[in-house]
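This is what each chain is made of:
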Amino acid sequence: MDRRTGIRGSRTTRRRWVLVNYLSISLFLVLWYALPDSQRSRPIWLAVLLALLGTAGLSFTTAHLRTGLWRLVHIKSETLDERENHVTLDALRFSYATFAVACLTIILAQSIAGQHGIVLFDVVLPAILIYVAHTLPSSVIAWKEREV
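The structure displayed is predicted, hence computed values, not measured ones. (Residues numbered from 1 in each chain as written. Predicted model: local features only at pLDDT ≥ 70, side-chain atom pairs only at ≥ 80, totals over all residues. Heavy atoms only, no water.)

A. Summary view of the overall build of the chain. For the chain, the helix and strand inventory stands at six helices and zero strands. When the helices and strands of the chain are read in sequence order from the N terminus, they spell out α-α-α-α-α-α. Along the first, second and third principal axes, the C-alpha atoms of the chain reach 50 × 35 × 25 Å. By residue count, 35% of the 148 residues in the chain fall in the buried class. (Helix = DSSP H or I, 4+ residues; strand = E, 2+ residues; numbered from the N terminus. Buried < 20%, exposed > 50% of the residue type's maximum accessible area, 1.4 Å probe, protein only.)

B. Spotlight on the pattern of salt bridges. Evaluated as defined, the whole model comprises three salt bridges. The closest approach of N and O atoms between Arg83 and Glu145, which form a salt bridge, is 3.5 Å. In this pair, Arg83 is assigned in helix α5 (residues 82-114) and Glu145 in the segment after α6 (124-144), connecting sequence segments 62 residues apart. Accessibility expressed as a relative area gives 42% for Arg83, which makes it partly exposed. Close ionic contact of Asp90 with Arg93 constitutes a salt bridge, the shortest N to O distance being 3.1 Å. Of this pair, Asp90 and Arg93 both sit in helix α5, three residues apart, roughly one helical turn. Judged by relative accessible area, Asp90 falls into the partly exposed class, the value being 25%. Taking the relative accessible area as the measure of exposure, Arg93 reaches 49% and is therefore partly exposed. (Salt bridge = Lys/Arg side-chain N within 4 Å of Asp/Glu carboxyl O.)

C. Here's a closer look at α5. With 33 residues, α5 should cover 48 Å at 1.5 Å per step; its first-to-last C-alpha distance of 47 Å lies within 8% of that length. Regarding α5, the residues found buried are Glu84, Val87, Thr88, Ala91, Ser95, Cys103, Gln110 and Ala113. In this structure, the buried residues of α5 make contact with α4 (69-74) and α6. Its side-chain oxygen 3.2 Å from the backbone nitrogen of Arg83, Asp81 forms the N-cap of α5. (Expected span 1.5 Å × (residues − 1). Contact = heavy atoms within 4.5 Å. Polar contact = N/O pair within 3.5 Å; in protein donor to acceptor, adjacent residues only side chain to side chain.)

D. Molecular detail of the packing of aromatic side chains. A full pass over the atoms with the stated rule returns three aromatic pairs. What links up through ring pairs into an aromatic cluster is the set Phe60, Trp70 and Tyr131. Across the ring face of Trp143, the terminal group of Arg15 is positioned such that the distance to the ring centre comes to 4.8 Å. (Phe/Tyr/Trp six-rings, centres within 6.5 Å; stacked < 30°, edge-to-face > 60°. Lys NZ or Arg CZ within 6 Å of the ring centre and 35° of its normal.)

E. Here's a closer look at the side chain of Ser24. Examined against the element boundaries, Ser24 turns out to sit in helix α1 (residues 11-34). Among the polar contacts made by the side chain of Ser24, one reaches the main-chain carbonyl oxygen of Asn21 at a distance of 2.9 Å. When neighbours within four sequence positions are excluded, Ser24 is seen to be in contact with Leu52, Thr55, Ala56 and Ser59.

This is the structure we're talking about:
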């Protein structure tokens, strides 16, 4: 474990928690948009949606906070050594490219659907996208790097 950044854990463990995190968020989104509004407020579906958000919160804490990866990608670059700067820059570059294409694809889909009077998403998707924008760089590092 690096004393400055607090990064620890095996790559396999980090990968598992990143997968749990994004799968729980993805399943939340699928259910949110698949269920009619009247069904979302039913106790069983509300419990499932809240459980998925709880799982996302737990996996975020484990994959990003406890490993120190969140801090690594949100710290000033002047405080990092050359290797950490390189790893962070690569993760940010990959994340930006991936996120930009995903967002533009979503905007395009909404644009096309909007021409036919269809609304594809509400405020939940942009909120999730903000979360993904902040966690994607540390997820890339968790996934790719053997040691950080």
